[in-house]
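Residues per chain, in single letters:
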Amino acid sequence: VGFVCPSVVRTGWLGPMGTDPARRNGGVGAALLAAVAADRDAAGRTQVEVEWVGPKEFYAHAAGAVVSRVFRRFSRPL
């Protein structure tokens, strides 16, 4: 029904995370995020950086998260 991958790319980063569209708004994402927060607390950390942000509204509502920086990738044919 859902998955979460904390500290895959870098310790303290969260991503990716997802929920089956049929199960959205049922608390699955919030439960996954709570599990990540519990692991964060147990590790003595105070914050988590969300690496792949899709639904910004979810993170803002579920965890009070804010966007701190945005990276864009540009390419040009050679």
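These remarks concern the structure in this document.

Some thoughts on the pairing of strand β2 (residues 13–19)
Link 1 in the chain: The buried fraction of β2 amounts to 6 of the 7 residues, a majority that puts the element mostly inside the structure.
Link 2 in the chain: Across 4 bridges, strand β1 (residues 2–6) lies against β2 in antiparallel orientation. Pairing of Gly2 across the sheet is with Thr19, part of β2.
Link 3 in the chain: Sheet topology note: the β2/strand β3 (residues 49–50) ladder contains 2 bridges and is parallel. The residue of β3 that forms the bridge with Leu14 is Val50.
Link 4 in the chain: Following the backbone out of β2, through helix α1 (residues 28–42) and into the adjacent parallel β3, one traces a crossover that is right-handed.

A short note on the packing of aromatic side chains
Link 1 in the chain: Summed over the entire model, instances satisfying the criterion amount to 1 aromatic pair.
Link 2 in the chain: Measuring from ring centre to ring centre gives 5.1 Å for Phe58 and Tyr59, while their planes differ by 70°; the resulting arrangement is edge-to-face.
Link 3 in the chain: In this structure Phe58 comes out as partly exposed when scored by relative accessible area, which is 25%.

Cut-offs applied
Going along each chain's sequence as written, the residues are numbered from 1 onward. Two thresholds apply to this predicted model, a pLDDT of at least 70 for residue-level local features and 80 or more for giving and counting side-chain atom pairs, whereas whole-chain, interface and lining totals are computed over all residues. To get the side-chain values, take all heavy atoms of the structure and skip hydrogens and water. Buried means the residue's accessible area, taken with a 1.4 Å probe over protein chains only, is under 20% of the maximum for its type, while exposed means over 50%, and partly exposed covers the values in between. Helix and strand definitions here come from DSSP, where helices need a minimum of 4 consecutive H or I residues and strands a minimum of 2 consecutive E residues; each element is numbered from the N-terminal end. Between any two strands, pairing holds if DSSP finds at least two bridges. Whether a crossover is right-handed depends on one test, that the path from the first strand over the helix to the second runs clockwise when the strands point away from the viewer. Here a Phe, Tyr or Trp ring, Trp counted by its six-membered ring, pairs with any other such ring whose centre lies within 6.5 Å, and the pair is stacked when the planes are under 30 degrees apart, edge-to-face when over 60, and tilted otherwise.

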